[in-house]
Every structure is written in structure tokens, then in C-alpha cells.
Protein chains: 2
Amino acid sequence: MPELSEIPANDAAALCERVLRAAGAPPSHATVQTSLLIEADLRGRPSHGLQRLPTLVARIRNGVLAPGAAPRLTWRTDVMLDVDGADGFGPVAAFAAADAVAARARRKGVALAAVRNSSHVGMLAPYVESLAEGGVVGIALTTSEALVHPPGGRTALLGTNPIGVGVPSTAGAFVLDMSTAAISAGEIIAHEQRHMQLPPGRAVDAEGLSTTDPTRARAGAISPFGGPKGYGLGLAIELIVALLSRTALGRDVTGTLDVELPATKGDVFLAIDPTVLGGDGHASYLASYLEMLRLAPTAPGVERVRIPGDRMREERAVRVGSGIRYPQALWLELLALDREAGGSDDA
Amino acid sequence: MPELSEIPANDAAALCERVLRAAGAPPSHATVQTSLLIEADLRGRPSHGLQRLPTLVARIRNGVLAPGAAPRLTWRTDVMLDVDGADGFGPVAAFAAADAVAARARRKGVALAAVRNSSHVGMLAPYVESLAEGGVVGIALTTSEALVHPPGGRTALLGTNPIGVGVPSTAGAFVLDMSTAAISAGEIIAHEQRHMQLPPGRAVDAEGLSTTDPTRARAGAISPFGGPKGYGLGLAIELIVALLSRTALGRDVTGTLDVELPATKGDVFLAIDPTVLGGDGHASYLASYLEMLRLAPTAPGVERVRIPGDRMREERAVRVGSGIRYPQALWLELLALDREAGGSDDA
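Residues numbered from 1 in each chain as written. Chains lettered and ligands numbered in written order. Predicted model: local features only at pLDDT ≥ 70, side-chain atom pairs only at ≥ 80, totals over all residues. Heavy atoms only, no water.

With that out of the way, let us pick up the relation of the copies chain B and chain A. When chain B is fitted to chain A, the best match, at an RMSD of 0.0 Å, comes from turning it 180 degrees and sliding it 0.0 Å along the axis. Given the turn and translation reported, the copies of this chain are related as if by a two-fold rotation axis. Within chain B, G226 of chain B has its C-alpha nearest the rotation axis, a separation of 1.8 Å. The overlap is high: 100% of the interface residues of chain B also sit at the interface in chain A, so the same surface is used on both sides. (Least-squares fit on C-alpha atoms with pLDDT ≥ 70 in both. Contact = heavy atoms within 4.5 Å.)

Written as C-alpha cells, this is what we have:
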């Protein structure tokens, strides 16, 4: 197990903002990009957290990420928004898109944005949560580099293609944020570093045979979650996002993990206002259904049934109080970036 | 194994139409409802096929399905369609909704319909396939009676909540149609009748323990596919459909399996025209990506990689040629229904 440094979220965020501003980001862009990274660390998704900051900085230095770029929003119809991220920060374009379709959905009932030329958006939860807390159903889809094999195949040909869903209820937003891969690339690396076996069914080796050996898995590909159904869902997301945002498919997707290539993935944000159809009264019905699920009779040895998002919220509450636990090597790397940027070295 | 009767699809369809018309369905409604049942049998989904005809007839006789009802379509905005199925046939309301949002999407880019007071829609594939073949991305969601337990729970509290996705490509429509349950109730019954064990991970017994015994599974609940992720997706579908269509959740859903209660499930149809965003040229890119997947290098012992919908199409081609294989007991029951209806008894 790597040694961990427990860092207050505010200190981690301040470091990240300093580094991004020193790299050329206007303060508002630095704040938005930072919030997405910190939220991932707070919610227990380190693969989308500050560990991506060195990659972002390298991408800026290499000229494939324009830190000051403002997204260009063009309504093709009343309800269809075309977003050109202008090679800027993913979360800047994504929040602009999500906010715009939410506002339009409040008037029209439904609106959709497709985003291209934009960097990695990070977790999808913050976007759809923000929509759902504003009373609007939010659905977010995004593509990624090819890391997932099709069932029966042995090479990575699909992205991890996550889906985020936010649904308003009177007891707070329901928030789903899940990739269609059985495990993340980061978790496979973490298992390898800790000399731990993977759970079964998460990956295949270079021959296409299921493996629990993280080193063999790294030479192979990640499996889709849930077999052919998870594959089908991930493929549907890959096709919808590419078609609507006119972005790349499969191995043509670059620029989210590497530091040298343009970002060719896409994002789609859909907002739906349930009140347009009269669904106002249903928000409390949803809340009582979710509460009934949480109180449902459990299987032997199970403490309680959870709703998607519950664990994330619990983790966040703990981390806001006690700090984010960064592997010490990562934190030292971040401190070095901060020093290079001319910031504080005791953040 | 039950004995099977191989029946030409046209004969099965003619029988179904006669029975539905005798039960009071106008010819056009009988044709639409029949096409959905026959398509399911042709595509290898008997649980959504003619085996549902006796239930439909009983529901009509019991006054909970109005065979002549015409759906009432009301546009709440330019792009949000409210559909009251008026307790009529599910496919009649569903096709009316899907066709209307497809036409509207061609003008506006995106349109959504929510359907309530409508019977079981059958397979989702025919709806989204029809949209995709017309150049429009189609997404269909529907709810069902509670048959699925949440992870860690031991009672059925969620529907099987399927999702259908159709995406146009120049090599034909991509069609995904999958439930979020790990197995169908019908397959569990079929395993029990054949004294076969279930594959692992498909169901739990009444205590919430995973079981491969179909009899114990029938006393328990079906598992979501893919663990917590499949559960999350199914729950998101349950919430979105109920909220937008103002229909029932969980155990409040009735009227798709029983013959006495009103249908309280809902459906949602979303249509998106990619050409509004300029995605025209991408349809051939999608086709070549799908072809590349089909030709992808395979794991040992695997003949080839498949795309969702491939098996359905293969099965359909075989069945159109050689007929639909009905369990003999079912076919005899259908012939009896047909005689009662005054139709031919040698169909």
C-alpha cells in the first residue's frame, strides 16, 4: 500500500487553481476545472481527480489544450445546441452546455447539446446533479479512448463510455454516474502496484482470455461490465455521442490520456423538464420510493440496500471533514508542479 | 423439452389478428398489436410473443384493456408530447408516440413523448429500429411490474425496465433492445419446466441468497444484470419513466402480467435527428466502425464478434423462412382461442 497524505480539500483546490492559472488558465476556467478534479477526489473517484493535473499541464505546454479558450455555443434549432469546445478545458465547455440546455428545457421541455473539440470532462455526476437539483432530468454521455474489448474479442475497441443520470426528487437528486467498463484502467494499475489480483470478469489478456492478473490485463483489454448487455449499452453510447457531436469512434479517440494529441472525444448533454408534462407532484412519489428501497429487507449479512450515489455522498461527507487521501508520490509530484508554477510549497 | 410446432409467421399472424378482432379490436389496431407479438417470436423473444395473446384477450374481457381505444396525443410544447393511451393496446399508443416524435425531431432536432394509461408495448426493438431506419436516433424506455431486487435486497422492487436504442448508419440501423434484468421471468419458468439449473448470478431465493434453482428463484426475485451498475441503470429508467409519464413505480406497477388490473406502467420515446447538428457524413463512419468490430480479432474458440441486434436479425431470417417454433401446448391454446373467436381451426 502506498503511503497516503491526507490533504484538506481547500488546500488541494488552491494548489490546483494556482497550477492551472500559472499554465495560462483564466481564473474562472481554473476554478471550474479544479472543482471537477476535487469533486472526483472527494467522491472517491481518484482516476478523475488531481492525478490528472500533470496530464492537463503537459497538454497545455504541448499546445493541444488551450487554457483560455471559450466554448462557442450555436443553437442549430430552438432545442439543439452545437458546442465547439475550441480545444479548451472539458468542464468549461461541459458546464456551459449543461447550463444552456437546462435553461432551454425549462421553456421547451427538452433540449440537447453535443460537444466536440473539448478535453476530458471528468466525472459526470456534478453536471447531472446540478441539473437535477435545479428540477431538471439530466443525462450526460461521453466517450473515451478505446480501452474496452467487445465480448469474444481480444483488443480494446470501445471507450469506457460512461453515462450520468440525474433525476430530481423532493428528497434530493438521484445521481447515477457509471462507466460501461467493468473496472477502470487506474484500478488495474493500482492492483498491479499493490501486487493484488483483480476480481474475476474484469479484464482479458492479450489472447482474449479472462484474467485476474493485472499485468496480463494491462497487455489485454478491460471487459465491458455485465457482459453483452453492458457492451451493448457502451456501444450505443459510443455511436450516439460520435454521431451527434461528429467526433471520433473507437481507436480514433485521442487526447484524454495522452499529452500530445488533440482531444477527439465528444459529449452529449440532454435536459428534460418534467413539469412541462405535469410531473411536479411525482417528485415526492420518487422520494418515497427511493426511501422504501433504502429500507428494503436485506439478504443475510447485508446491512442495507443502497441507492446509486449514496456511497459517493457518504465518501464526500467524510473527505470534506478529514481531507482527501492522496498517494504520497502523487502529492509530492503536485507540490513540485506548484513550486514550478511559483506557488506555495507548503499548501 | 416441450414438443414444438413450427408455424409459418403469416399463419400465426392471421390467427392473432382474428382473435384480436373477435375480441373487439378494430382491424388497424389488431394489425399493429399482432405485428409486435409476431416480431418478438421471429426475433427469438418468445416472452414478448404470441404467448401474451391469451393475457391480452383476458384483459379485454375483464374490461381493463379497451381494444378500440385511440391514444390521445397532446403537444405540451413544440417538442414534448403527452400521450394518454386511453387504456388501449400498448403498441398502438407507442407507435403513434414514436412516429410523432420522429417527425417532430426532423424539424426541431429532438422531441420526447411520455405515454401512460397504455398496455404492454412488447419488444422495444421495432420502435427504435423504425426510427433509425428513418435516419433518426431513437431511445425507448419502459417500466414493468416489479420483478427485480436491488443488490443486497431480497424482494422484487424494480421492474425489468428495458431500454431500446436505434442509431442510423449507412449499413443499416444499429438496434439495441435489452432489459436491465439478468434473466426474464419466462426463462426462469422455462428452466423449471425443463428441470434445468439457471446460470449463476441470475436470481436470488426468498432469503436473498443467489440461487441457480429455478423453483427457489421463483419464490425470490430476479437479479439486475451486471450488479450495481445494471441496478443503477434500471433504477434510473424506472425513475425517468415514472416522472415523465406520471406513472407508477415498483410494486405499484400493475397490468402487464395480470389480467385484472389497469396498466399503470409508462413509456418514454425520445427521437433525435443527427442531421440537424450536421452529422450526415458520420453515418458511413459509424457503418465502417461497426464492420471493423464484426471483423475484430477474437478470443480462442470464438468464431466472431457480434453487434447487438445481429443475433436477432439472424434468428428472424431463419424464422421467416422456416416458421416460428411454438411449444405445442401454447399453439393448442392459441388454436382454441381462435375457434372460440369463430376463426379457422387449421390456421
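What follows covers the interface of chain B and chain A. Listed by partner, the interface residues are 81 residues for chain B and 81 residues for chain A. Approximately 6,400 Å² of surface area, both sides summed, lies buried where chain B meets chain A, with 77% of it carried by carbon and sulfur atoms. Together, K229, L243 and L277 of chain B form the three largest contributors to the area buried by chain B at its contact with chain A, with a combined 13%. Between D78 of chain A and K108 of chain B there is a salt bridge, with its nearest N and O atoms 3.7 Å apart. Of the residues forming the side of chain B that touches chain A, the biggest block, 13 residues, is contributed by helix α8 (residues 227-245) of chain B. In terms of residue class, the side of chain B that touches chain A is built from 52 nonpolar, 16 polar and 13 charged. (Buried area = accessible area lost by both parts, 1.4 Å probe. Salt bridge = Lys/Arg side-chain N within 4 Å of Asp/Glu carboxyl O. Helix = DSSP H or I, 4+ residues; strand = E, 2+ residues; numbered from the N terminus. Nonpolar A, V, L, I, M, F, W, Y, C, P; charged D, E, K, R; others polar.)

Another aspect to go through is the side chain of E238 of chain A. Among the secondary structure elements, E238 of chain A is positioned in helix α8 (residues 227-245). Polar side-chain contacts of E238 of chain A include one of 2.6 Å to the backbone nitrogen of G250 of chain A. Leave out the neighbours within four places in its chain, and E238 of chain A touches T143, L158, G159, N161, L249 and G250 of chain A together with Y289 of chain B. (Polar contact = N/O pair within 3.5 Å; in protein donor to acceptor, adjacent residues only side chain to side chain.)

Turning to unusual backbone geometry, a few remarks are in order. If you check the backbone angles, N117 of chain A has positive phi at about 50 degrees while not being a glycine. Residue position: N117 of chain A is located in strand β4 (residues 110-118). Positive phi, normally seen in glycine, also occurs at N161 of chain B, with a value near 30 degrees. Among the structural elements, N161 of chain B can be located in the loop between β5 (137-142) and β6 (163-167).

Once that is clear, we can look at the packing of aromatic side chains. For any pair of aromatic rings, the description rests on two quantities: the centre-to-centre distance and the angle between the ring planes. Residue and element names in this part refer to chain A. Tallying each qualifying case throughout the model produces seven aromatic pairs over all chains. Both rings, one in Y326 and one in W331, keep their centres 5.4 Å apart while their planes meet at 15 degrees; by these two values the pair is stacked. Counting every residue linked through ring pairs, the aromatic cluster contains F95, Y127 and F269. Positioned above the aromatic ring of W75, the side-chain terminus of R104 is 4.0 Å from the ring centre. (Phe/Tyr/Trp six-rings, centres within 6.5 Å; stacked < 30°, edge-to-face > 60°. Lys NZ or Arg CZ within 6 Å of the ring centre and 35° of its normal.)

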